Amino acid sequence: MKRNTRVGLVTSGGDCQGLNAAIRGVGKALFQYVPNVEIFGMYDGYKGLIEGDYKFMEKRDFSGILTEGGTILGTSRQRYIPGKAIVDDEGNDLMPAMLDTYNRLNLDCLVVMGGNGTQKSAKLLSDAGMNIVTLPKTIDNDIFGTDTTFGFQSAVDIGTNVIDYIHSTASSHSRVFLVELMGRDAGWLTLNAGIASGADIILIPEIPYNIEKVAAALEERRRSGRNFSIIAVAEGAVSDTDAVMSEEERRRAKEQSRHSTISYRIASELEELTGQETRVTVPGHYQRGGPPCPYDRVLATQFGTAAAHLIMNKQYATMVGIRNGQIVSVPLEDAASRTKFLPVDHPLIQVARDIGIRFGDE
Ligand code: F6P
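Residues numbered from 1 in each chain as written. Predicted model: local features only at pLDDT ≥ 70, side-chain atom pairs only at ≥ 80, totals over all residues. Heavy atoms only, no water.

## Observations concerning the overall build of the protein chain
Okay, step 1: Along its length, the protein chain carries 13 helices and 13 strands.
Okay, step 2: In terms of C-alpha radius of gyration, the protein chain reaches 22 Å, essentially the compact-globule figure of 21 Å for 362 residues.
Okay, step 3: A sequence separation of at least 24 residues applies to 73% of the contacts in the protein chain between residues at least 6 apart.
Okay, step 4: Distance between charge centres in the protein chain, computed from 38 positive and 45 negative side chains, equals 4 Å. (Helix = DSSP H or I, 4+ residues; strand = E, 2+ residues; numbered from the N terminus. Rg over C-alpha atoms; globule rule 2.2 N^0.38 Å. Contact = heavy atoms within 4.5 Å. Lys, Arg positive; Asp, Glu negative; His and termini not counted. Charge placed at Lys NZ, Arg CZ, Asp CG, Glu CD.)

## Points about the site of the ligand
Okay, step 1: Within the structure, the ligand sits among R77, I139, D140, M182, G183, R184, E235, H285 and R288.
Okay, step 2: At 3.3 Å, a side-chain N or O of R184 approaches an oxygen atom of the ligand.
Okay, step 3: Each residue belonging to the shell around the ligand can be placed in one class, and the counts come to 2 nonpolar, 2 polar and 5 charged. (Near = heavy atom within 4 Å. Polar contact = N/O pair within 3.5 Å; in protein donor to acceptor, adjacent residues only side chain to side chain. Nonpolar A, V, L, I, M, F, W, Y, C, P; charged D, E, K, R; others polar.)

## With respect to the nonpolar core
Okay, step 1: Formed by 64 residues in total, the largest nonpolar core has its most connected members in L9, L30, V111, M113, L135, F150 and F359.
Okay, step 2: Counting the residues that make up this core, at least three belong to each of domain 1 (6–150 + 292–335) and domain 2 (155–288).
Okay, step 3: Counting residues in each nonpolar core, the second largest holds 21 residues, with V10, L49, I50 and L94 among its members. (Core = buried A, V, L, I, M, F, W, Y, C linked by side-chain atoms within 4.5 Å. Buried < 20%, exposed > 50% of the residue type's maximum accessible area, 1.4 Å probe, protein only. Domains from an automatic or database assignment.)

## Considerations on the pattern of salt bridges
It is possible for side chains of opposite charge to pair when their charged atoms get near one another.
Okay, step 1: Applying the stated criterion across every chain yields a total of 20 salt bridges.
Okay, step 2: Two residues, R252 and E248, come together in a salt bridge whose shortest N-O distance is 3.6 Å. Here R252 and its partner E248 are both found in helix α9 (residues 247–256), 4 residues apart, which amounts to about one turn of the helix.
Okay, step 3: Among the residues examined, E248 registers a relative accessible area of 37% and is labelled partly exposed.
Okay, step 4: A salt bridge links D361 to R353; the shortest N-O distance between them is 2.9 Å.
Okay, step 5: Among the residues examined, D361 registers a relative accessible area of 27% and is labelled partly exposed.
Okay, step 6: Within this structure, E248, R251, R252 and E255 form a network of salt bridges that share partners. (Salt bridge = Lys/Arg side-chain N within 4 Å of Asp/Glu carboxyl O.)

## Some details on the sheet that holds strand β1 (residues 6–11)
Okay, step 1: With mixed pairing, 7 strands are arranged side by side in an open sheet as β3-β2-β1-β6-β7-β12-β13. Either end of the sheet is taken by a strand with one partner, and the two such strands are β3 (54–57) and β13 (326–331). Going across the sheet, the axis of each strand differs from the next one's by a mean of 25°, ignoring polarity.
Okay, step 2: Across 4 bridges, strand β2 (residues 38–42) lies against β3 in antiparallel orientation. Paired with M42 across the bridge in β3 is Y54. (Pairing = 2+ DSSP bridges. Axes fitted to C-alpha atoms, helices over the stretch in contact; angles between N-to-C directions.)

## Some thoughts on the pairing of β1
Okay, step 1: Where burial is concerned, most of β1 is hidden: 6 out of the 6 residues are buried.
Okay, step 2: Summarising the sheet, β1 and β2 pair through 4 bridges and their orientation is parallel. From the neighbouring strand, R6 faces β2, where its bridge partner is E38.
Okay, step 3: Where the polypeptide runs from β1 across helix α1 (residues 19–33) and back to β2, its parallel neighbour, the crossover connection is right-handed.
Okay, step 4: Sheet topology note: the β1/strand β6 (residues 109–114) ladder contains 5 bridges and is parallel. Paired with L9 across the two strands is V111, which belongs to β6. (Right-handed = clockwise from strand over helix to strand, strands pointing away.)

Spelled out as structure tokens, the structure:
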């Protein structure tokens, strides 16, 4: 007699909009096509797999969650030793515990939704013998092998909205405003939100800025009669002087800095160089909260149903992605191999330059 198909679900790493929509997509499609499927939701990311803490999910668990932010399963970050292991605080390898849960539940596949780090960890799980399908989620949009990740567009919408709102107060007070957006070491979110909201200067990690050039751009705007300026700053933006430092030197400089984030440092340097009154706004995790935008609801549903089809076809060790509007399956090995930084010759950067947006490099 054929035994039931058993699938585990994990949401891991930083949360983002669209996780529940993706969970729903996987569940609804599996229940529709796979007779007697059994689905187990791991609580709090890999932690649930490690500790054997999970929930048997019924059909009704996948209803009414499309528009909900966060993840109904909870999430967490685990310590990861690059290419080697997922470990606890004492450095103990957690793979045996995860394999134990996987085998005890007799899973046919584990669907893992996560960002860059999660994809890398998922590769280790796959190497250890688990059948893995992953979905790319992150507001950073920095996962290799897919044009877009779910969560990204929702965060772009929020970042855009923040800068839209800052415009009026910047204008009323004739101030310079820096709005710092997330994205870790990649500039996708800041570039897109910056263009969408009409930022005057955009500073992203991929294009190191020169502070004098940023100051000169502000002065130029003031001379041409503009009484305010908006700078969209990626949290990972780097100055040209910091860009040539080693990672260790940069880490030390950051530790010693009196500024809590890069924007505060840039603001104080600019105020000194230009004399223009300057303020900083950091929306932070607000960018990851709330309901997914319609685009992310659709994308996460597409990704979720694609994962169900991969499971039905036993096509494991793959990540679902989207390229040129087509849903694709990407070898997990490739997806986990590197970070998708914003190419400096990306057409959107040229578009921004075409309308006079400055990046602090010229
Ligand atoms: O990867 C998503 C992200 O929001 C990054 O943009 C940001 O640098 C990081 O997570 C923040 O991490 P945490 O939620 O652990 O503070």
